[in-house]
Amino acid sequence: MFNNSNKTTKHSVNKCSVLFNKFRKCLVRTASIITCTAIVATSVTPAFAAGITSGTTAASSYVISNGTTAAKSSVISNEVSTDTSVSWPQAPDITCESAILVDADTGSILYEKDAHRKCYPASTTKILTGLLTIENCNLSDTLTFSTAAANSINPIEDANLGMKAGEELTVEQALYALLLYSANEVAYALAEKVAGSIDAFVDMMNEKAQEIGATNTHFENCHGLHSDDHYTTAYDLYLILDEFSKHDLAYMIDSLSTYDFTYTDADGNEQVVTIEPTNEYLTGEVNLPDGYSIGSWKTGTTEEALNCLIMELKNDSTGHEYVAIIAGADGKEALYSGMTEMINTAK
């Protein structure tokens, strides 16, 4: 969800805007369903019925009598359309294992490529870790790193802050480190904070996934490091991000290009930390298409998952919101060129 409030209020959660946004989206989706139902009820003709029974694809052969295009295709009328000049929008050219572009206001799928195919989520897993943290902790709570959390990472290969056993952050600071910088030991510590143990937290993750309809998802850890039985789909990632982005705090974190905080290390020294996002649209390494803003997002990369990116987007001129997801892109160039193609498709 997007929040245009002044940055001085970025650390407060605006529950009213959350509820209003949920109510607005519900109204839009309901109106869309009612409209489509009315069209079908009033416009289906004998010719359309005959087309169905004879095996003709109605969406490619008929027209609504008032001339409105249905489902981006030909229309329902009393006569078969023979107009071959109708041009279809060009599908994005994306090289990846799976992808999906969703109209966030209506839930309509605008583009998909094997969106229900099993994929490895890598660090996009942390969206669900962040969601459960926001739902179960206060931002001012103290997070103390256990020995298990501090030792849970490979300090050379894994994204991490280098936190040591006994060191403390606030939950708010930890969420920034989790979602902007993708710190793995922070994910571990938050899981322990929320559920008491990693196993209990993983159970919460899978229960939450089922609750929101992500039924083709099964997680085995809180950070996304590879496990053969840790998987999801592009469509399920959309459902998880959609739930996560209902919280204003999610946007406040993800919209930043840098975040600074201080903490006291194990030796009693004050440490000043500046973290930057892993999203190259926000670092300026890749140009975001003009006229769009980024809401909630998460990157993910492992050898098995390849490169993944999930993003909530807003068209600045219309206020329309979209969710774009790519999983299994072979390299960052393929990832960001594919995402840019999808964003341009939404225009």
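Please read all numbers here as calculations on a predicted model, not as lab measurements.

(A) Representation of the sheet that holds strand β9 (residues 321-329). Ordered by their spatial adjacency, five strands build an open sheet running β2-β1-β9-β8-β7, and the pairing between neighbours is antiparallel. The open sheet has two edge strands with one neighbour each: β2 (109-113) and β7 (292-302). Each neighbouring strand pair of the sheet contributes to a mean axis angle of 5°, computed without reference to strand direction.

(B) Expanded view of helix α8 (residues 234-244). By the criterion of burial, α8 is predominantly enclosed, with 10 of the 11 residues buried. The set of residues buried in α8 consists of A234, D236, L237, Y238, L239, I240, L241, D242, E243 and F244.

(C) Structural context of the pairing of strand β1 (residues 98-103). Most of β1 sits inside the fold, with six of its six residues counted as buried. Of the two faces of β1, the one carrying S98, I100 and V102 and the one carrying A99, L101 and D103 are both buried. In this structure, β1 lies alongside β9, joined through six bridges in antiparallel fashion. If you follow A99 over to β9, its bridge partner there is I326.

(D) Fine view of the side chain of N160. Its location among the elements puts N160 in the loop between α4 (147-150) and β4 (168-170). Residue classification places N160 among the buried residues on the basis of a relative accessible area of 15%. Engagement of the side chain of N160 in a polar contact is seen with the backbone oxygen of P155, the distance being 3.3 Å. A polar side-chain atom of N160 sits 2.6 Å from the main-chain carbonyl oxygen of D158.

(E) Representation of the pattern of salt bridges within the structure. Scanning all chains against the criterion turns up five salt bridges. The residue E243 makes a salt bridge to K246 at a minimum N-O spacing of 3.0 Å. The exposure class of E243 is buried, given its relative accessible area of 17%. Residue classification places K246 among the partly exposed positions, given a relative accessible area of 24%. The partner of E280 in a salt bridge is K332, and the shortest N-O contact between them spans 3.2 Å. Of the two residues, E280 is situated in helix α10 (residues 280-283) and K332 in helix α11 (residues 332-346); the sequence distance between them amounts to 52 residues. Take E280: its relative accessible area is 11%, and that puts it in the buried class. Residue classification places K332 among the partly exposed residues on the basis of a relative accessible area of 44%. Overlapping salt bridges bring together E135, K208 and E211 as one network.

(F) Main features of the packing of helix α3 (residues 126-136) against helix α6 (residues 184-195). Put simply, α3 and α6 touch, their axes get as near as 10 Å, and they point 40° apart. One finds that α3 runs oblique with respect to α6. As α3 packs across α6, the resulting crossing turns out to be left-handed. Contacts between α3 and α6 pair K126, T129, L132, T133 and N136 from the former with N184, A187, L190 and V194 from the latter. When grouped by side-chain class, the residues that make up the contact of α3 with α6 number four nonpolar, four polar and one charged.

(G) Looking closely at a negative patch on the surface. A grouping of E220, D228, D229, E303 and E304 is seen on the molecular surface, where their side chains present a negatively charged patch. Tracing the chain through its elements places D229 in the loop between α7 (198-211) and α8. With a relative accessible area of 34%, D229 lands in the partly exposed category.

(H) Structural view of the state of the cysteines. Applying the stated rule across the entire model yields zero disulfides. With no disulfide of its own, C96 lies closest to C308 among cysteine sulfurs, the gap being 9.4 Å. Among the residues examined, C96 registers a relative accessible area of 10% and is labelled buried. This cysteine, C308, is not joined by any disulfide, and C119 carries the nearest cysteine sulfur, 6.3 Å off.

Conventions and cut-offs
- Residues numbered from 1 in each chain as written.
- Predicted model: local features only at pLDDT ≥ 70, side-chain atom pairs only at ≥ 80, totals over all residues.
- Heavy atoms only, no water.
- Pairing = 2+ DSSP bridges.
- Helix = DSSP H or I, 4+ residues; strand = E, 2+ residues; numbered from the N terminus.
- Axes fitted to C-alpha atoms, helices over the stretch in contact; angles between N-to-C directions.
- Buried < 20%, exposed > 50% of the residue type's maximum accessible area, 1.4 Å probe, protein only.
- Polar contact = N/O pair within 3.5 Å; in protein donor to acceptor, adjacent residues only side chain to side chain.
- Salt bridge = Lys/Arg side-chain N within 4 Å of Asp/Glu carboxyl O.
- Parallel < 35°, antiparallel > 145°, perpendicular 65-115°, else oblique.
- Left-handed = near helix turned anticlockwise from the far one by under 90°.
- Contact = heavy atoms within 4.5 Å.
- Nonpolar A, V, L, I, M, F, W, Y, C, P; charged D, E, K, R; others polar.
- Patch = residues over 30% accessible without salt bridge, like charges linked within 9 Å, V, L, I, M, F, W, Y side chains within 5 Å.
- Areas by Shrake-Rupley, 256 points an atom, 1.4 Å probe, with all protein chains shown as cover.
- Lys, Arg positive; Asp, Glu negative; His and termini not counted.
- Charge placed at Lys NZ, Arg CZ, Asp CG, Glu CD.
- Disulfide = S-S within 2.5 Å.

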